[in-house]
Amino acid sequence: MKKIIATLLALTLFGCCFAGCGEADADNAYNLVENGKLIMSTNAEFPPYEMTDDNGGFIGIDIEIAQAIAQELGLELVIDDMGFDAAMLAVQNGQSDICMAGLTVDEDRLKVMDFSTSYATGKQVIIVKEGSDVTLDNLGEKLIGTQKATTSNIYCSDDYGEDHVVAYDSSITAVQALMNGQVDCVVVDSAPAEELVKANPGLTILETEYVTENYAIAVDKGNTALLEAINQALNKLIENGTVQSIIDKYIKAE
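Quick notes on the rules
- Residues numbered from 1 in each chain as written.
- Predicted model: local features only at pLDDT ≥ 70, side-chain atom pairs only at ≥ 80, totals over all residues.
- Heavy atoms only, no water.
- Helix = DSSP H or I, 4+ residues; strand = E, 2+ residues; numbered from the N terminus.
- Buried < 20%, exposed > 50% of the residue type's maximum accessible area, 1.4 Å probe, protein only.
- Contact = heavy atoms within 4.5 Å.
- Phe/Tyr/Trp six-rings, centres within 6.5 Å; stacked < 30°, edge-to-face > 60°.
- Arc of directions from axis to C-beta.
- Pairing = 2+ DSSP bridges.

Asker: Sorry if this is basic, but what is going on with the environment of Phe-46 here?
Answerer: Here Phe-46 lies in the loop between strand 1 (37–42) and strand 2 (51–52). The exposure class of Phe-46 is buried, given its relative accessible area of 7%. As a C-alpha pair, Phe-46 and Ser-171 span 125 residues in sequence and 7.3 Å in three-dimensional space. When sequence neighbours within four positions are dropped, the list of residues in contact with Phe-46 reads Ala-101, Gly-102, Gln-147, Val-188, Asp-189, Pro-192 and Tyr-215.

Asker: Any chance you could explain the packing of aromatic side chains here in plain terms?
Answerer: The description of two aromatic rings rests on the distance between their centres and on the angle between their planes. All told, the structure shown has three aromatic pairs when counted by the stated rule. Considering the side-chain rings of Tyr-49 and Tyr-215, the 4.8 Å spacing of their centres and the 80° angle between planes classify their relative orientation as edge-to-face. In this pair, Tyr-49 is assigned in the loop between strand 1 and strand 2 and Tyr-215 in strand 12 (residues 211–215), connecting sequence segments 166 residues apart. The two residues Tyr-49 and Tyr-215 agree in class, both being buried. On the numbers, 6.4 Å between centres and 25° between planes, the contact of Tyr-160 with Tyr-210 is stacked. Placement of Tyr-160 in helix 6 (residues 151–160) and of Tyr-210 in the loop between strand 11 (203–205) and strand 12 is noted, with a sequence separation of 50 residues between them. These aromatic residues form a ring-pair network of at least three members: Phe-46, Tyr-49 and Tyr-215.

Asker: Is there a simple way to think about helix 10 (residues 242–250) in this case?
Answerer: Within an α-helix, residues lying three or four positions from one another point in the same direction, as the helix has 3.6 residues per turn. By the burial criterion, the buried members of helix 10 are Val-243, Ile-246, Ile-247 and Tyr-250. The arc that holds the buried residues of helix 10, viewed along the axis, is 95°, so those residues lie on one side. Buried residues along helix 10 sit in contact with strand 2, strand 3 (58–59), helix 3 (61–73), strand 7 (120–129) and helix 9 (224–239).

Asker: Hey, could you run me through the side chain of Ser-171 in this one?
Answerer: Its location among the elements puts Ser-171 in helix 7 (residues 171–179). Residue classification places Ser-171 among the buried residues on the basis of a relative accessible area of 2%.

Asker: What am I meant to see in the pairing of strand 1 here?
Answerer: Note on strand geometry: in a regular strand, side chains alternate between the two faces of the sheet. Along strand 1, five of the six residues are buried, which leaves the element largely enclosed by surrounding structure. Where strand 1 lies against strand 4 (residues 76–81), six bridges are found, and the strand directions are parallel. Along strand 4, the bridge assignment pairs Ile-39 with Val-78. With two bridges joining them, strand 1 and strand 5 (residues 98–99) adopt parallel strand pairing. Looking at the pairing, Met-40 lines up with Ile-98 of strand 5.

Spatial relationships are all this shows, so hold off on functional conclusions.
So this is what it looks like as structure tokens:
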């Protein structure tokens, strides 16, 4: 009888090792960079979606949505702040699990990353100095500032040619260039644009929108398990109103 029990115990232990027992191994079902953690690459210079507070902590719409998703999945959220293009590459290179950085979906990005359900709508607008003669109609005759590797930069370069576009490391430095007279305008998403105009007296936003697009969460191409988990959590947060309440916290209705 003892031999039978010992044999059954050995088989059970072997089965656990083969199947990968334990909570840590269960996390591998998501193909995470690090067990138990959801690593998010971002560029924390895109208020109100991602930014730092006075204490150097990360706050914003994307940060809070990511925290809510991590909580739904039983994971610890880890924020990794870097340049915008580096944040996208981090997902592709296995350095982060997700990228959230006011990230929109386009054909080129779909070739190298997979995207979640959209959770917010972004509008590209044009920031100018007060009294400027810049309009959407004559934008191609002007020098346009954008943030490097963003859809703003891609759209403006495609529409008006790279000779008319200057790419900066962040929208903040692009606006500084506008204030210094180095560019005639800056094209950026509407929510950050409002924050930038508020922080820089003498600037205004043209009433005509340039482009409308949707924000989504990026994962590495082919990481279906993680994408499905992200979508399941995100859709729940959209349906129960959590996502909208986070957006409303940072973007006040007019």
